[in-house]
Amino acid sequence: AAAAILGASLHWVAMGHFSSLDMGLAFFLMLAICALAIAQRDPATPREQRTWMIVAWAAAALAVLSKGLVGIVLPGATLVLYSLWQRDWRLLGRLHFGIGVPVFAAIVAPWFLIVGERNPEFYRFFFIHEHFERFLTKVHGREGPWWYFIPILIAGFIPWTLALPAAIRAGLRSDGARFQPTRWLLVWAAVVFVFFSVSSSKLASYTVPMIPALALLAAPALLHIGTSSLRRHWGVVAIVGIAATIYAPFLPRHANPETPAALYAAYAPWIAGGGLALAVGCIVGIRLACRGRRLAAITATAVGGLAFSQCLLSGHEALSPVFSSYHIARTVRPLLAPDTRLFTVDTYDHTLPFYLGRTMTMVAYQDELAAGIRTEPQKFLPDYETFERAWDAAPHAIALMNPREFETFKLRGLPMAEVARDPRRVIVTKP
């Protein structure tokens, strides 16, 4: 049941469509959290406890290699808070530090030592800038209100959102055992949610490591909740699906200069199909639940939820001309020569270097690449005047800029010819 719930959760499926470090981090963190729970369960033999704690330590190390100190800080905070709640400090003595710490160090240390040796600026950048400054300051410009993750959780747990209170209640219950896995999972979910809520840097992907824990908590709740409550829960979700289907034809009304109506019109059938799948899945789930086939009901709803998520995300390809440079790169690639110099002016499109297979010189824009620019300043031009001189000196050059900068350079008389354009980008070449 938990696997079906996780596999259909919108947030989890959505993050599977992004090339980011967060899904790998979430996997290793949940491996560590679940391995510890298996190791510490009351019936575990000494051999099982030792084996699974080694798995937990190794998974935490791989989480650190995935995205930094959160790989050990978050599990550590969960251990402390869980021990306080349960008043079970003996748990700390069952973590097998003697073998766990060497395993952790053997996995983590070599990479940090080698990278630090080859890049002297690494330690300051990684530990201070990417951890403490990111958490405590607004240096990355990704701040958000304290409630930032609440709507993400509500929408991201579709189609199980209304089961969250029951899942939390399941986590609060005690079965009298020494180790309480449901409480452990609840503390973990709470630590992830609160930690990133108080952080000065917020992105929707940060709380994805809590979704598997919520799925594990929601599973027993949905298996044992009253049928009438289940009908209400999934009935509301079915209405959401029907509403999405009805609203889909009106998507072109959201058109703007950057996103033309035609792209929304192409996206609309995907929204309609996904909403219909969600509604049908919930309705079938309700009917199965009324017949006492609860696991089948969860599975049917999960199929509808997964289809809904995949339609929303795969159908988003219809908007790719706005968000991705794939299409514009197809126009630019035939123009490239071995000596072509590529510039990106006051912006940076992460997809264009990938699709062109070439690096680009950044102009008047740094964002998160500031540390790399400090290391290789020769690959960066600080202002428009420097760019214009480099442009004039290059035998052959191509530049990416937004339409506003394009008009600015036209007024400045920069010799350039437009070769491609979309609502967000203009590609120019040197005549």
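Quantities reported herein were computed from a predicted structural model and do not represent experimental measurements.

Attention now goes to the overall build of the protein. Of the regular secondary structure elements, the protein holds 20 helices and 6 strands. Counting every position in the protein, which comprises 431 residues, the buried fraction comes to 48%. Restricting the contact set of the protein to residue pairs at least 6 apart, pairs at least 24 apart contribute 68%. If you sum the accessible surface of the protein, you get close to 20,900 Å²; carbon and sulfur atoms cover 66% of it. The average position of the 38 basic charges and that of the 26 acidic charges among the side chains of the protein differ by 14 Å.

Two elements in contact, helix H6 (residues 97-118) and helix H7 (residues 122-136), have axes separated by 8 Å at closest approach and are oriented at 125 degrees. The angle between the axes of H6 and H7 places the two elements in the oblique class. In contact with Trp111, Phe112, Leu113, Val115 and Gly116 of H6, H7 contributes Phe122, Tyr123, Phe126 and Phe127. Residue classes in the contact of H6 with H7 are distributed as 8 nonpolar, 1 polar and no charged.

Any two side chains of opposite charge can pair, so long as their charged atoms come close to each other. This model, assessed by the stated rule, comprises 15 salt bridges. In this structure, the salt-bridge partner of Arg94 is Asp88, at a minimum N-O distance of 3.3 Å. Overall, Arg94 belongs to the buried group, its relative accessible area being 11%. According to the relative accessible area criterion, Asp88 is buried, its value standing at 5%. Of the charged contacts in the structure, one is a salt bridge between Asp422 and Arg425, with a shortest N-O distance of 2.8 Å. Grouping residues by exposure puts Asp422 and Arg425 together as buried. Put simply, Asp88, Arg90 and Arg94 are held in one network by salt bridges that share partners.

The alternating pattern of strand E6 (residues 426-429) places Val426 and Val428 and Ile427 and Thr429 on opposite faces, both of which are buried. Here strand E5 (residues 417-421) pairs with E6 via 4 bridges, running antiparallel. The residue of E6 that forms the bridge with Arg421 is Val426. In this antiparallel pair of consecutive strands, E5 and E6, the connection spans 4 residues.

Our next topic: the sheet that holds E6. Read from one edge to the other, the open sheet built from 6 strands follows the order E3-E2-E1-E4-E6-E5, with strand pairing classed as mixed. A single partner strand is all that each edge strand has here, and the edge strands are strand E3 (380-381) and E5. Where strand E1 (residues 341-345) lies against strand E2 (residues 361-363), 3 bridges are found, and the strand directions are parallel. Of the residues in E2, the one forming a bridge with Thr344 is Met362. The strands that helix H19 (residues 384-393) touches are E1, E2, E3, strand E4 (397-401) and E6; relative to E1, the one it contacts most, it runs at about 160 degrees.

On to helix H20 (residues 403-411). When we look at burial in H20, the residues that qualify are Glu405, Phe406 and Phe409. For H20, the buried positions fall inside an angular range of 105 degrees around the axis, keeping them on one side. Every exposed residue of H20 that faces more than 90 degrees away from the buried side is listed here: Arg404 and Leu411. Buried positions along H20 lie against E1, H19, E4, E5 and E6. Directly after H20, the chain includes Gly413, whose backbone phi takes a positive value near 80 degrees.

Before going further, it helps to spend a moment on the packing of aromatic side chains. All chains considered together, the criterion is met by 29 aromatic pairs. Pairing Trp111 with Phe122 gives two aromatic rings, centres 5.8 Å apart and planes at 85 degrees, and the pair type is edge-to-face. Here Trp111 is found in helix H6, whereas its partner Phe122 is found in helix H7, with 11 residues between them in sequence. Overall, Trp111 belongs to the partly exposed group, its relative accessible area being 41%.

A few words on the side chain of His396. Considering the arrangement of structural elements, one finds His396 in the loop between H19 and E4. Setting aside its immediate chain neighbours within four residues, His396 contacts Leu335, Ala337, Asp339, Thr340, Arg341 and Thr429.

All right, on to the side chain of Thr259 then. Topologically, Thr259 is positioned in the loop between helix H12 (227-247) and helix H13 (261-290). Discounting chain neighbours no more than four positions away, the residues touching Thr259 are Tyr264, Leu319 and Val322.

Attention now goes to the nonpolar core. Membership of the largest hydrophobic core comes to 99 residues, with the highest contact counts inside it found for Ile5 and Trp160. Those residues in contact with Ile5 that sit more than four places away from it in its chain are Phe157, Trp160, Ala215, Ala218, Ala219, Leu222 and Ile298. If you look at the next biggest cluster of nonpolar residues, it comprises 18 residues, including Leu381, Ala394, Phe409 and Val428.

Conventions used here
Residues numbered from 1 in each chain as written. Predicted model: local features only at pLDDT ≥ 70, side-chain atom pairs only at ≥ 80, totals over all residues. Heavy atoms only, no water. Helix = DSSP H or I, 4+ residues; strand = E, 2+ residues; numbered from the N terminus. Buried < 20%, exposed > 50% of the residue type's maximum accessible area, 1.4 Å probe, protein only. Contact = heavy atoms within 4.5 Å. Areas by Shrake-Rupley, 256 points an atom, 1.4 Å probe, with all protein chains shown as cover. Lys, Arg positive; Asp, Glu negative; His and termini not counted. Charge placed at Lys NZ, Arg CZ, Asp CG, Glu CD. Axes fitted to C-alpha atoms, helices over the stretch in contact; angles between N-to-C directions. Parallel < 35°, antiparallel > 145°, perpendicular 65-115°, else oblique. Nonpolar A, V, L, I, M, F, W, Y, C, P; charged D, E, K, R; others polar. Salt bridge = Lys/Arg side-chain N within 4 Å of Asp/Glu carboxyl O. Pairing = 2+ DSSP bridges. Arc of directions from axis to C-beta. Phe/Tyr/Trp six-rings, centres within 6.5 Å; stacked < 30°, edge-to-face > 60°. Core = buried A, V, L, I, M, F, W, Y, C linked by side-chain atoms within 4.5 Å.

What is shown is where atoms sit, not what they do.
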